[in-house]
Each structure stands twice: as structure tokens, then as C-alpha cells.
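# A look at the structure
Each chain is listed here by its residues.
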Amino acid sequence: MVEKHTPSFIRKGSGKKKADTTEQFEKAVSRLAEGKYVLRLYVAGMTPNSARAIANLKKICEEHLAGRYDLNVIDVYRKPTLAKGEQIIAAPTLIKKLPLPMRKLIGDMSDEGKVLIGLDIRTR
Amino acid sequence: MADKKAGKARFSRAGIPKCPSGIRGLDEITGGGLPRGRPTLVAGSAGCGKTLFAMEFLVRGALEHGEPGVFVAFEENARDLAQNVASLGFDLADLAARKKLLVDYVSIERTEIQETGEYDLEGLFIRLGHAIDSIGAKRVVLDTIESLFAGLSNEAILRSELRRLFRWLKGKGVTAVITAERGESTITRHGLEEYVADCVIMLDHRVTEQVSTRRARVVKYRGSRHETNEFPFLIGDHGIFLVPVTSMGLDYEVSTTRISTGIPRLDTMLGGKGYYRGSSILVTGTPGTGKTSVASTFADAACRRGERCLYTAFEEGPEQIFRNMRSIGIDLGAWAAKGLLRVHAGRPTVAGLETHILTMHRLSDEFKPKVVVIDPISNLTEVGNQVDVKAMLSRLIDHFKSNGVTAFFSSLVTRGVNEETSGVGISSLMDTWLQLEDLEKSGEHNRGLFILKSRGMAHSNQIREFLLTDRGIDLLDVPVSSGEVLMGSARVAMERREMEEDRQGRVEIDRKKRLFELKRREKVARVDSIETGFLAEAEDFKEYLRTETNRQEAARKTRGALGRARKADPVRAGGNAKKPAVSRGRR
């Protein structure tokens, strides 16, 4: 699964078609059982912020969540409707879909401490 | 079509192109609307109507100017927003279905967001850009963008991003309305006026003596002339309504047409023809002098001519007015049923002064009456001070005059108070001023009517007694006795007395006539008796002359015979020697 994040933000969205909600739910439950992290990183084009965010996040994930995360990088320019649906205003925005609770992290992920708190990897 | 309008606006006298907001009254005070293609800041405290202002700008744009709009809501979601503006008659769902309006709800929860370094608001830009492009929007609302300050902590980033956002909006060529909370000492809490500097409108919601009034003011408008006053506005069933100010001057057309007052004798007093059309008429009087009756008679006369009449009542409800006026033979209810009369009744204290005036404006704009009755305006002072009332009324009167509407105001004055000061100080705004007086004398009250002034016509200077009969209002001549006017029973008594005097006078004449006749007859009789006495004397005298002449003749003859006999000298007539003998002979 690690290789999933290797393609850069140029990857087209999540690469999945809209799945049936029940199916989604079941998948989510199965991932939850595995203790998997489902992460979506929304960026707006290849800006320095985007590049830094991707690099920083990759590093953090590899260090702390190796083997149990699922990261998608999405370019909002290509999926503007997603920006509305996911309530994205800032870029970059990282959404932790799982495990619950859902969290939003914005910025270039340069503050590792805050990223770890935001991802509930470390408590304050 | 929108382009055509834009092109037209581009060459307006004001210099910069304007985008008509569609909000009634606003386009007049801004000289045509908001700056086209630029952002406008609408600032105000909570509950002053910012969101409605912004929404009406979009809805009117979509419906009336063919300009679709995007509403970015930071505070309410689309469903709540649609419900809130439904009361103004805005159907957001329908507009959205027709791709004329798009609502994008932006939710920012600080607790959900962790900031982990440098970021920008490109996500918002993309959403907005996508929304604008998807419906070809020409108008954008950001309500209230300051919510970003509550959701995000990095103010430096926010400020630079907002600056970029407004530049970007200008670049997009959309006319934008950005709402903001009012600050303590600044226009907006977060100083947005620094970035949105083209046009700033402040909305205000003030409560004075438990009565609230909304006001709007154009604080600045770069590159355009604009009104700087505060203008009251109303949020009614049809959106926002600002006092129209097109009629603020005195250069309206005047009419020479005259219309009846409904009281024939009052028409006579007003130069025989009644009021001028489009003039303002004030009737003042103490309680119970019949102001409402004069007002209703005028309203009735207007309806009889087939003209629409708006009757604003501050003291009585419509049904009560109808019932009361039926007692003097005026059936206003029938006119209301025919749709010629509309009665707008309400206690003055239910709303602020501006709200009342605005309501009248709105009603007159909607109903388009030829005659407006406001009964009474003095009650408005309950909800505003005199200066305010006068200012508002002069605007209202200007509005009526410029539309050729004849306005009839009644005003309650307090007994013993100088009418000049108690007439809400508006008498100078009035063209015709009727005064109803309650005259108390010898244990009764009577009503009197006179004309204090009536511009532009010869009018009677006399007081008339004012009677309410079951066939309407009647005016009577008032007799004057030893410098005092007599009314009511005093007038009746006076008339009785005059009749009695007349009768007595006739009796006296008869008596004198008879006496004179007697005198004449006496004279005749006396003349007769003198004549008789004189005739007797004359007879007597003639008799004497005759006998004496005879005797003297006889004596002369006798003396002649004796002389001849004695050969004496002939007798000299009247000879002295013989005289004693004659006299002796006579005796």
C-alpha cells in the first residue's frame, strides 16, 4: 500500500469511482479494524507549499504510520466540486478520514508536532 | 442584455460604471447603483440587515437585470438562508434551479482545523471561481467573510489572502458585496475597509425609546457623487425599501386643477373651487372638532370622482372609521369594497417614525392613490421628536407633490396651546390650512371652521359654524352680535330674538299708522270748525257792512233834504260838523 502515495499530486483524485455508500461504509469499517489511516491531501497546483506539504507528510507517515496508511493527493484545480463537498478553503488541506474523529489539517505540514497532534498520533 | 446595460452605465455622467442594485431607493442615493465590477463593503452590527441587503442585491440582479449571482455564505447554510429570505418573497430554490443563483456554504470550524505551517486560501478561490464560471455570475456576495478570522488564526496570511481575493474579484469583473461586522472605532471589526475601498455602505439598527429604526448611509464611494445623509430603510414583505430621495427638491410640477373638498360650502370658501390637486392640506383642531369627518368627506369625494384614496389612520381601525362615518352619511366601507379606498391603520407606537413614513411611501408606490389622508400626523410625534417628524414629513410631502398626489393631514392640537407651535411645526409645509375650533360659550360646545391660509387662491376670511348632520357636513353662516360670533343655541336664540323684534316692529308700525290717522282726522275736524267760525264771522261782517252802508245812505239823504229846506250849503262829505251826529245816530 505504501506505493499508493508515491505518485505525486498529479494523480487524478482518489482514482476511485463513486462507490455505493454501504460499500464505502463496509470498507471503512474493515480499515478501522485494521487501524488504518485514510488520508486525503488536497493541494492547489504545484506550489512550493504543495511540494513541502507532500514531502513533509510523506516523511511523517513513513516514520509513524509505516504500512498502515492510505494517502491520496488531490489537486483541487482538477476537482473543484470536491473543494465544495469537503469544505476546503485553504491549501494545502489534509483530511484525516479515518480513524475517527475526522480532522482537518491545513498548511505545509512543517510543524511536525502539530501534525502528529492533528493525526491523533500524539496527544498533547 | 447585461452587457448592453453595462455599456450604457459605463458612459454615465457619474464617471464610473454603475451596477443597479435593484434595492428600492438605494440606486437613487448612490446615483445609479454599486460600482460595477468592483467590491462594495456593507458594514453593520448584528441584525441590521446585511445578509438581506446582500441577498436582495443578488436576487434583483438575477430577476431584473439578467445577472446571475453567487452567494458565498460563511454563517448560514443554504437551507437556512433560503428559509430566512422566503419571507421577503425570494424563492432561492427556483433561482438555483434556473441557474441564476448559486449558494455556496463555507463552513470553518476552528476546533476541527489544525494549522501546521504555511498555507493560502486557494481552496476558496477555486470554489468561488468554479461557482462563478458554472452559472456565468456577474454578482458575488461574501457573507460574512470575517468569519475567516474566527476560523483561522494566522492573521498575516488571512490579510494578504483577503487583499489577493479582492484583487482577484476585480480581475474577474464581478460586482461584489462583502458584508462585515461593525467595529468599535473602525468601520469593520477587522479593518476590511483597508482592502475594499471603492464603496462602503453602513447599515445601522438603532433603538430610541423602545422603537427601533434601521438606517443606511453611504460612507464613501470612490469616483462617484453620492448622498451622504443617513437614510432610514425598511425590511418589508418585498425586500428592503429606502426612502426615495429623487423628490428632495422643490422643482415638482404644479397643477392648476382644483378638486372638491366634498363640502360644497367649503368649496365656496376656497374661491369656489376647492383645493388644488397635488397640494398639501392640513386640518388642525382640538379633540372632537370633527377632523376625521372632514378627512373622510374628502376621501369620499375623491372616491366619488373615481380616484384611488389611501387612508392612513393612527387612531381608529378601518371598521370603526366606516361605522362612525356612516353616522354622517358617508359610506367609506363601500369604497373600500370597490377597491378605491385602502385603509392602513395602526398604532403609531408599533414602529418607529421612519418605518411609518416608509410604509406610507411604499403603500403609495404600490397603490398609486391620487389622494392620501393621514389622520392624524400629530400622533407621529409620539415616536419621534419634532425635528425628525418635520424632516420626514417634508420628504413625504415632496414625494406626494412630485407625484401629483393631494395629501390631506389632520393634526390634533391641545386646547390652550398655540396652534402655530402645536401643529407639529409643519404648517409651513402646507398649502391650505383649515382650523376647526371648539367654541365654548354659555354651557355648550360648538364647532367652527375657518381657513387660516390657502396659497394661491382667494378664500373666505369668515368663520362658519360646522355642523355634522346625518347627511354629511354642513357649514352655516355665523351671526355676529356686538363683536361676538354666535353659534349653536346662542345663534338660535339670536335668531328668535330677531324674529320677535321684527314682529314687534311690525306692531309698532301699525300702531303709529293708526295714531297718525287719528291725528289727521283731528286736523281735518279742527280745520272744519275754524272754517265754520270764520265763515260765521265773515257773514257777520258782511251783514254789518251792509246795514251800516244803508244807514249812512239814509242819513245823507235825510241831511240833504233838510239843507235844501233850510237853503244851507251843500253838505261836504265827511264834514266835521256833522260827525258827532252820525256817531250819535249810529249808537
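Refer to the structure printed above.
In short, a report on the structure. (Residues numbered from 1 in each chain as written. Chains lettered and ligands numbered in written order. Predicted model: local features only at pLDDT ≥ 70, side-chain atom pairs only at ≥ 80, totals over all residues. Heavy atoms only, no water.)

### Describing the overall build of chain A
Spelled out, the test is: Secondary structure elements follow DSSP: runs of H or I no shorter than four residues count as helices, runs of E no shorter than two count as strands, and numbering proceeds from the N terminus. Note on exposure labels: buried denotes an accessible area under 20% of the residue type's maximum, exposed denotes more than 50%, and partly exposed covers the range between, all computed with a 1.4 Å probe on protein chains only. Here, residues are in contact when the closest pair of their heavy atoms is within 4.5 Å. Reported accessibility uses the Shrake-Rupley method at a 1.4 Å probe radius. Residues are deemed covered only where the shown protein chains occlude them.
Scanning chain A for helices and strands turns up four helices and four strands. Counted from the first residue to the last, chain A has its helices and strands arranged as α-β-α-β-α-β-β-α. By residue count, 44% of the 124 residues in chain A fall in the buried class. Sequence-distant contacts in chain A: of pairs separated by 6 or more residues, those separated by 24 or more amount to 68%. Surface summary for chain A: the accessible area is close to 6400 Å², and the carbon and sulfur share equals 56%.

### Considerations on the pairing of strand β3 (residues 93-98) of chain A
Residue and element names in this part refer to chain A. In plain terms, the rule: Each pair of strands is called paired provided DSSP finds at least two bridges between the two strands.
Buried residues dominate β3, accounting for five of its six residues. Inspection of the sheet shows strand β1 (residues 37-43) paired to β3 by five bridges, in the antiparallel sense. Residue Tyr-42 lies in a different strand from β3, and its bridge partner there is Thr-93. Pairing of β3 with strand β4 (residues 103-106) involves four bridges; the strand directions are antiparallel. Across the sheet, Leu-94 pairs through a bridge with Leu-105, a residue of β4. A loop of four residues connects β3 with β4, the two strands running antiparallel in sequence.

### Digging into the nonpolar core
Residue and element names in this part refer to chain B. Condition: Note on terminology: a nonpolar core comprises buried Ala, Val, Leu, Ile, Met, Phe, Trp, Tyr and Cys residues joined through side-chain atoms within 4.5 Å.
By size, the foremost hydrophobic cluster in this structure holds 40 residues, and its most contacted members are Val-70, Leu-142, Leu-148, Leu-169 and Ile-178. Among the elements of the structure, β4 (69-73), α6 (122-135), β7 (139-143), α7 (147-151), α8 (155-172) and β8 (175-181) are those that each provide at least two residues to this core. Leaving out residues up to four positions away in the same chain, Val-70 has contacts with Leu-58, Leu-102, Leu-128, Ala-131, Ile-132, Ile-135, Ala-137, Arg-139, Val-140 and Val-141.

### Here's the deal with the packing of aromatic side chains
All names here are of chain B. In plain terms, the rule: Any pair of Phe, Tyr and Trp rings, taking the six-membered ring for Trp, is counted once the centres come within 6.5 Å. Such a pair is stacked with planes under 30 degrees apart, edge-to-face with planes over 60 apart, and tilted for the rest. The rule for a charge over a ring is simple: NZ of Lys or CZ of Arg within 6 Å of the ring centre, and within 35 degrees of the ring normal.
Scanning the entire structure with this criterion turns up four aromatic pairs over all chains. Connected via pairs of aromatic rings, a cluster forms that spans Tyr-275, Phe-298 and Phe-408. Its end group placed over the ring of Tyr-221, Lys-18 keeps NZ or CZ at 4.8 Å from the ring centre. In this structure, Arg-308 is placed above the aromatic ring of Phe-367, and the distance from its NZ or CZ to the ring centre is 5.7 Å.

### Description of the sheet that holds strand β17 (residues 341-345) of chain B
Residue and element names in this part refer to chain B. To be explicit about the condition: Angular values range over 0 to 180 degrees, each being the angle between N-to-C directions of two axes fitted as lines to C-alpha atoms, with helices fitted over their stretch in contact.
The strand order across the open sheet built from nine strands is β17-β16-β18-β19-β15-β20-β21-β22-β23, with neighbouring strands paired in mixed fashion. Both outer strands of the open sheet, β17 and β23 (472-477), are each paired with one neighbouring strand and no more. Strand after strand, the sheet turns through a mean of 20° between neighbouring axes, direction not considered. Helix α10 (residues 291-304) rests against β15 (280-285), β16 (309-313), β17, β18 (371-375), β19 (406-412), β20 (432-441), β22 (464-469) and β23 of the sheet, and its axis sits at about 165° to β19. Against the sheet, helix α11 (residues 318-326) engages β16 and β17, with an angle of about 120° to β17.

### Observations regarding the packing of α6 of chain B against α8 of chain B
Residues and elements named next belong to chain B. The condition that has to hold: To sort the angles, those under 35 degrees are grouped as roughly parallel, those over 145 as roughly antiparallel, those from 65 to 115 as roughly perpendicular, and the leftovers as oblique. In a left-handed crossing the near helix is turned counterclockwise from the far helix by less than a right angle, and in a right-handed crossing that turn is clockwise. Gly falls in the polar group here, along with every residue not listed as nonpolar (Ala, Val, Leu, Ile, Met, Phe, Trp, Tyr, Cys, Pro) or charged (Asp, Glu, Lys, Arg).
It is the contact of α6 with α8, at a shortest axis distance of 11 Å, that shows an interaxial angle of 20°. Comparing the axis directions of α6 and α8 gives the class roughly parallel. Pair α6 / α8 crosses with right-handed handedness. Along the contact surface, α6 presents Glu-122, Phe-125, Leu-128, Gly-129, Ile-132 and Asp-133, while α8 presents Glu-161, Arg-164, Leu-165, Trp-168, Leu-169 and Lys-172. Of the residues belonging to the contact of α6 with α8, the class tally is six nonpolar, one polar and five charged.

### Considerations on helix α2 (residues 48-64) of chain A
Working note: α-helix, 3.6 residues per turn, so residues spaced by three or four point in the same direction. Residue and element names in this part refer to chain A. The cut-off we apply is this: Working rule for helices: expected span equals 1.5 Å times residues minus one. Note: the arc covers the axis-to-C-beta directions of the helix.
Taking 1.5 Å as the rise per residue, α2 with 17 residues should run 24 Å; its terminal C-alpha atoms sit 24 Å apart, in good agreement. Of the residues making up α2, those classed as buried are Asn-49, Ser-50, Ala-53, Ile-54, Leu-57, Ile-60 and Cys-61. One face of α2 carries all of its buried residues, which in axial projection span an arc of 140°. On its buried side, α2 packs onto β1, β2 (69-75), β3 and α4 (112-118).

### Some points on empty space enclosed by the protein
With a probe scaled to a water molecule rolled over the atoms, the places where space remains empty come into view. Worth spelling out the cut-off: Only protein atoms enter the 1 Å grid used here, on which a cavity is any set of points holding a 1.4 Å probe that cannot leave and a pocket is any open set flanked by protein within 12 Å on both sides along at least five of seven lines; residues with an atom within 4 Å of a point are listed as lining. Grid points are joined across faces, edges and corners, and a volume is the space filled by probe spheres set on the points.
As enumerated under the stated definition, the model contains one cavity of 30 Å³ or more in all. Taken as a whole, the largest cavity encloses approximately 50 Å³ of empty space. Around the largest cavity, the lining residues are Gln-87, Ile-88, Ile-89, Ala-90, Thr-93, Lys-104 and Ile-106 of chain A together with Ser-107, Ile-113 and Leu-152 of chain B. The residue inventory of the lining of the largest cavity, partitioned by class, reads six nonpolar, three polar and one charged.

### Concerning unusual backbone geometry
A cis amide bond links Ala-91 of chain A with the next residue in sequence, Pro-92 of chain A, at an omega value of 0°. Mapping Pro-92 of chain A onto the fold places it in the loop between α3 (80-85) and β3. The residue after Asp-375 of chain B, namely Pro-376 of chain B, is reached through a cis peptide bond having omega -10°. Within the secondary structure layout, Pro-376 of chain B lies in the loop between β18 and α14 (386-402). The backbone of Met-109 of chain A shows a phi angle near 60°, a positive value even though the residue is not glycine. For Lys-368 of chain B, which is not glycine, the phi dihedral falls at a positive 50°. Residue position: Lys-368 of chain B is located in the loop between α13 (353-367) and β18.

### Examining the pattern of salt bridges
All names here are of chain B. Our working rule: A side-chain nitrogen of Lys or Arg and a carboxyl oxygen of Asp or Glu constitute a salt bridge if their distance falls within 4 Å.
Taken as a whole and judged by the stated rule, the model has 36 salt bridges over all chains. For Arg-455, the salt bridge goes to Asp-431, with nearest N and O atoms at 3.1 Å. Of this pair, Arg-455 sits in the loop between β21 (444-454) and β22 while Asp-431 sits in the loop between α15 (419-422) and β20, and the two are 24 residues apart along the sequence. Assessed through its relative accessible area of 12%, Asp-431 is described here as buried.

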